[in-house]
Amino acid sequence: MSGQFGLRRAMRTLVRGLCGAGLFAIGGLAAAADGVEQLRQFVNSTRSAEGAFEQTVVAKSGRRPQQAAGNFAYARPGRFHWEYNQPYRQVLVGDGTRLWTWDPDLNQVTVREIGEALGATPAAILFGSGELEEGFELADGGSDSGLSWVEARPKKTESGFESLRIGLQDGQLRQMEMRDNFGQTTLIRFTRLKPNPQLDTNRFRFTPPAGADVIGDVPAAAR
């Protein structure tokens, strides 16, 4: 049970203070460009995407890393579907106005304003307006393991995380590493990414399941 609690906290942090980046092709990007320039061009050229992800959470205590996996899709600004299917299911949907988080095990739905939920968080890099330097200080992080890294630090101390590293290779965004305020590190690696696909808008709508306990900023139609 403690492992599930820890992973649930990591999931919440990833959206508050999570989300990911992935393996996206950026047309016309020079291989010699540094990580910051590659990241800027990625954000400007990739308005939507879908794919799968693998997530590893490492606690400050050094206990056994927690593994999770799932799939996601997004269409900026503010619309996304992020779904964990391993080790158990959890669904997060941004409809452009609100963020819906559904825990099927508890049959509980939490609702928040999307702007409040994203803010200057890692999720804003994918799902936000694309104005990176409004919320982050960006710096070249050098090269390591074949990747060019970007160091991104939130300008607001209440963002829920301390630092963020984004790894790119040949104009493709491959990994994201986030350290939160609990000393916990989350690593996300994306696979089977498709940039700028045609996406069904129904993927970005959420209706609470029958009998679910709905908490938070609930629109009248969902009550």
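Counting restarts for each chain: residues are numbered from 1 in the order of the written sequence. The model is predicted, so local features are restricted to residues of pLDDT at least 70 and side-chain atom pairs to those at 80 or more, both for listing and for counting; the totals for chains, interfaces and linings are taken over all residues. Side-chain numbers come from the whole structure's heavy atoms, not from hydrogens or water.

Visitor: Just checking my understanding: could you explain helix α2 (residues 35-45) for this structure?
Guide: Every α-helical turn comprises 3.6 residues, leaving residues that sit three or four positions apart pointing alike. Listed in full, the buried residues belonging to α2 are Gly-35, Val-36, Gln-38, Leu-39, Phe-42 and Val-43. Around the axis of α2, the buried residues are gathered within 160 degrees of arc, so they sit on the same side. Counting of polar contacts relies on pairs of N or O atoms within 3.5 Å, with two restrictions inside protein: one atom must be capable of donating a hydrogen and the other of accepting it, and residues adjacent in sequence are counted only when both atoms are side-chain atoms. Strands are runs of DSSP state E lasting at least 2 residues, helices are runs of H or I lasting at least 4, and numbering of each runs from the N terminus. N-cap assignment for α2: the residue whose side-chain oxygen lies 3.3 Å from the backbone N of Val-36 is Asp-34. Remark: exposure states derive from per-residue accessible area (1.4 Å probe, protein chains only) relative to the maximum for the residue type, with buried under 20%, exposed over 50%, and partly exposed in between. The directions considered for the arc are those from the helix axis to the C-beta atoms.

Visitor: For this particular structure, what's the right way to read the packing of aromatic side chains?
Guide: In this description, an aromatic ring pair is defined by two values, namely the gap between the centres and the angle between the planes. Centre distance within 6.5 Å is the pairing criterion for rings of Phe, Tyr and Trp, where only the six-membered ring of Trp is used; planes under 30 degrees apart are then read as stacked, over 60 as edge-to-face, and the remainder as tilted. On inspection of all chains with the given rule, the structure shows 13 aromatic pairs. Where Phe-72 meets Tyr-74, the ring centres are 6.1 Å apart and the plane angle is 5 degrees; that geometry is what we call stacked. Tyr-74 matches Phe-72 in its accessibility class, with the two residues each being buried. With a centroid separation of 6.5 Å and an interplanar angle of 70 degrees, the aromatic rings of Trp-82 and Phe-127 are classed as edge-to-face.

Visitor: Sorry if this is basic, but what is going on with the sheet that holds strand β11 (residues 185-195) here?
Guide: Consider a sheet: its strands pair through backbone hydrogen bonds, and that pairing is either parallel or antiparallel. The rule for pairing is simple: two strands pair if DSSP sees at least two bridges between them. Strands sit in the order β7-β8-β9-β10-β11-β1-β2-β3-β4-β5-β6-β12 across an open sheet of 12 strands; the sheet is mixed. The strands lining the two open edges of the sheet, one partner per strand, are β7 (136-144) and β12 (213-216). In this sheet, neighbouring strand axes are inclined to one another by 20 degrees on average, regardless of whether the strands run parallel or antiparallel. Taken together, the 8 bridges between strand β9 (residues 161-169) and strand β10 (residues 172-180) define a ladder with antiparallel strand orientation. Along β10, the bridge assignment pairs Phe-161 with Asp-180. Its contacts with the sheet put α2 on β2 (66-75), β7, β8 (147-154), β9 and β10, and the angle it makes with β8 is roughly 75 degrees. As a rule, the C-alpha atoms of each element are fitted with a line to give its axis, helices using only the stretch in contact, and angles between N-to-C directions run from 0 to 180 degrees. Residue contacts are counted whenever heavy atoms from the two residues lie within 4.5 Å of one another.

Visitor: Whenever I open this one, the environment of Gly-78 confuses me. Can you help?
Guide: With respect to the helices and strands, Gly-78 occurs in the loop between β2 and β3 (79-86). Sequence spacing of Gly-78 and Leu-99 is 21 residues, and the spatial spacing of their C-alpha atoms is 8.8 Å.

Visitor: Help me understand the environment of Ile-125 in this model?
Guide: Along the chain, Ile-125 turns up in helix α4 (residues 122-127). Placed 49 residues apart in sequence, Ile-125 and Arg-76 show a C-alpha to C-alpha distance of 9.8 Å. Excluding its chain neighbours within four sequence positions, the residues that come into contact with Ile-125 are Leu-39, Val-43, Arg-76, Leu-132, Phe-136, Leu-164, Ile-166 and Met-176.

Visitor: Looking at this structure, I do not really get the pattern of salt bridges. What am I missing?
Guide: Each reported salt bridge corresponds to a side-chain nitrogen of Lys or Arg within 4 Å of a carboxyl oxygen of Asp or Glu. Taken as a whole and assessed by the stated rule, the structure comprises 6 salt bridges. Between Arg-40 and Glu-37 there is a salt bridge, with its nearest N and O atoms 3.9 Å apart. You can see Arg-40 and its partner Glu-37 sitting in helix α2, 3 residues apart, about one turn around the helix. We classify Arg-40 as partly exposed; its relative accessible area is 31%. Overall, Glu-37 belongs to the partly exposed group, its relative accessible area being 30%.

Visitor: Sorry if this is basic, but what is going on with the side chain of Ser-48 here?
Guide: Its location among the elements puts Ser-48 in strand β1 (residues 48-58). Residue class for Ser-48 comes out buried when judged on its relative accessible area of 10%. Apart from residues lying up to four places away in sequence, Ser-48 is in contact with Tyr-74, Ala-75, Lys-194, Pro-195, Asn-196, Pro-197 and Leu-199.

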